[in-house]
Amino acid sequence: MAQINRLEEAYNWNISRLADAFGLDRGTVRRRLKEAGVVPAGTRNGVNVYALKDAGPALFGDTMSAGGIGPDEMPPSDRKAWYQSENERIKLEKDLRLLVPVEEAHREMSLLAKAVASGLDSLADMLERDAGLPPEAIELVEHTTDALREQMYQAIVVDDDDEEVSSG
């Protein structure tokens, strides 16, 4: 390994060393440094060296959000790579069950709503039979559960209307 004479030399690396250290291709390192406008911090043995504090953000910065550009504004090769990576991310999230098809989500929500509605329907009967509540209390429970069912229905209808407006 090379001898380091001064401390600042430890933080100034050439393109080959940056590529080796970070597992990147030298061409990729060179291109990212150039695109970010990183200037050499000096030369060592006739080779340009770059300050790690400047090279790090250029190599690993989030160029998509930092530059504020979307995929439609990228060069074709970068756009293709971006879409391929997004497709792979979506496939992975589906495999990990972080994403589910909308039909499956609707089916599960429907089953949940039916289970809650069924429980609300039978609540008054269970309270009358098992807890021995008087008829006035049972009427109050029925009135409250009916109001809850109506709230659930209205929330579903409003969500459906919002989806139709946003998709249409």
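Higher on the page you've got the structure.
Residues numbered from 1 in each chain as written. Predicted model: local features only at pLDDT ≥ 70, side-chain atom pairs only at ≥ 80, totals over all residues. Heavy atoms only, no water.

**Q** Just checking my understanding: could you explain the pattern of salt bridges for this structure?
**A** Opposite charge on two side chains permits them to pair, given that their charged atoms come into close proximity. This model, assessed by the stated rule, comprises eight salt bridges. Glu104 serves as the salt-bridge partner of Arg97, at 2.5 Å between the closest nitrogen and oxygen. Between Asp121 and Arg149 there is a salt bridge whose closest N-O contact spans 3.0 Å. Of this pair, Asp121 sits in helix H6 (residues 102-131) while Arg149 sits in helix H7 (residues 135-167), placing them 28 residues apart in sequence. With relative accessibility at 48%, the residue Asp121 sits in the partly exposed group. Because the salt bridges share partners, they merge into one network encompassing Glu86, Arg89 and Glu93. (Salt bridge = Lys/Arg side-chain N within 4 Å of Asp/Glu carboxyl O. Helix = DSSP H or I, 4+ residues; strand = E, 2+ residues; numbered from the N terminus. Buried < 20%, exposed > 50% of the residue type's maximum accessible area, 1.4 Å probe, protein only.)

**Q** Sorry if this is basic, but what is going on with the packing of aromatic side chains here?
**A** Given two aromatic rings, their pairing is described by the distance between the two centres and the angle made by the two planes. With the rule as written, the count across this model stands at three aromatic pairs. Ring centres of Trp13 and Phe22 lie 6.3 Å apart, and the angle between their planes is 35°; on these two criteria the pair is classed as tilted. By relative accessible area, which is 14% here, Trp13 ends up buried. For the pair Phe22 and Phe60, a centre-to-centre distance of 5.1 Å together with 75° between the ring planes defines the contact as edge-to-face. (Phe/Tyr/Trp six-rings, centres within 6.5 Å; stacked < 30°, edge-to-face > 60°.)

It is worth stressing that arrangement in space is one thing and function is another; only the former is reported here.
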